[in-house]
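Structural overview
What follows is the residue order along each chain.
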Amino acid sequence: MKKLSSTLPNMLLSLGGICVLVSGILAVVNHVTTAPIAEAEMKAKVEAIRAVAPAFDNNPFEEKMLVLPEGETDSLTVYPAKKGGALAGFAIESYTQKGFSGLIRVMVGFDATGQLVDFSVLQHSESPGLGSRIPEWYHEKSEGSGIRDVRGLNMKKEAPLTVSKDGGKVDAITAATISSRAFLDAVNRAWRTFSSLEGGVGEAPSPAPAVAPADSTSSK
């Protein structure tokens, strides 16, 4: 096969062919990996909802809503949890951009009375051994007079949650105050979303304005 001469048109033709080939490979890889990634994310959300919401027997994904509480610019996804047709509570997918390394996403569960049932961290990039300790730290009993284990808190009395350094009652993770503040920011955002929903056990939730059916999105 005759070698192409090193002229500008031939060089551009070769580079164009390489770009087309690489683009095609990337498109195939994206097509092959998109479904498994989406499936894994969905599975993680299902497990998180089951971990944080009151016991339920409905399919929260079939009744999920996008709720935009007053004072917020982004809607949060709310998953109603029902038992025998009666509303037991909600799992709310919340977030904060205030982490030491940026975005932290959490699933926070509340029962119908406003008690925080549990939480699950969906995503974070906090420092290993510091901010990454959010799941463990806020499931432990405090060694002092402050709040650490947030499960069972009556948010109607305790909200908004703030760390003791800011005049609040919550113990910050040792050497990771920024991550602690960020986590509480996400929990408080979930609580504001819960507060914008009306209704109690046995009643269908009445979303606040700007609600629409959802499509399936540290200190050193």
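A quick note: this is a predicted structure, and the numbers were derived from the prediction, not measured.

The rules behind the values
Residues numbered from 1 in each chain as written. Predicted model: local features only at pLDDT ≥ 70, side-chain atom pairs only at ≥ 80, totals over all residues. Heavy atoms only, no water. Helix = DSSP H or I, 4+ residues; strand = E, 2+ residues; numbered from the N terminus. Buried < 20%, exposed > 50% of the residue type's maximum accessible area, 1.4 Å probe, protein only. Areas by Shrake-Rupley, 256 points an atom, 1.4 Å probe, with all protein chains shown as cover. Pairing = 2+ DSSP bridges.

**Some thoughts on the overall build of the chain**
When its secondary structure is counted, the chain shows four helices and six strands. Each helix (α) and strand (β) of the chain, taken in turn from the N terminus, gives the series α-β-β-β-β-β-α-α-α-β. Each of the 220 residues in the chain was classed as buried or not, and the buried ones make up 40%. When the accessible surface of the chain is totalled, it reaches about 12300 Å², and 57% of it is carbon and sulfur.

**Re the pairing of strand E3 (residues 86-99)**
Burial analysis of E3 places 11 of its 14 residues in the buried class, the great majority of the element. The loop that links strand E2 (residues 76-83) with its antiparallel partner E3 comprises two residues; one of these, Gly 84, has a positive phi angle of about 60 degrees. As paired elements, E3 and strand E4 (residues 102-111) share nine bridges and run antiparallel to each other. Its bridge partner lying in E4, Tyr 95 is registered against Arg 105. Taking the residues that link successive antiparallel strands as the turn, the E3-E4 hairpin has two residues.

**Observations concerning unusual backbone geometry**
The linkage connecting Ala 159 with the following residue, Pro 160, adopts the cis geometry, with an omega of -5 degrees. When you line up the elements, Pro 160 lands in the loop between helix H3 (155-158) and helix H4 (177-195).

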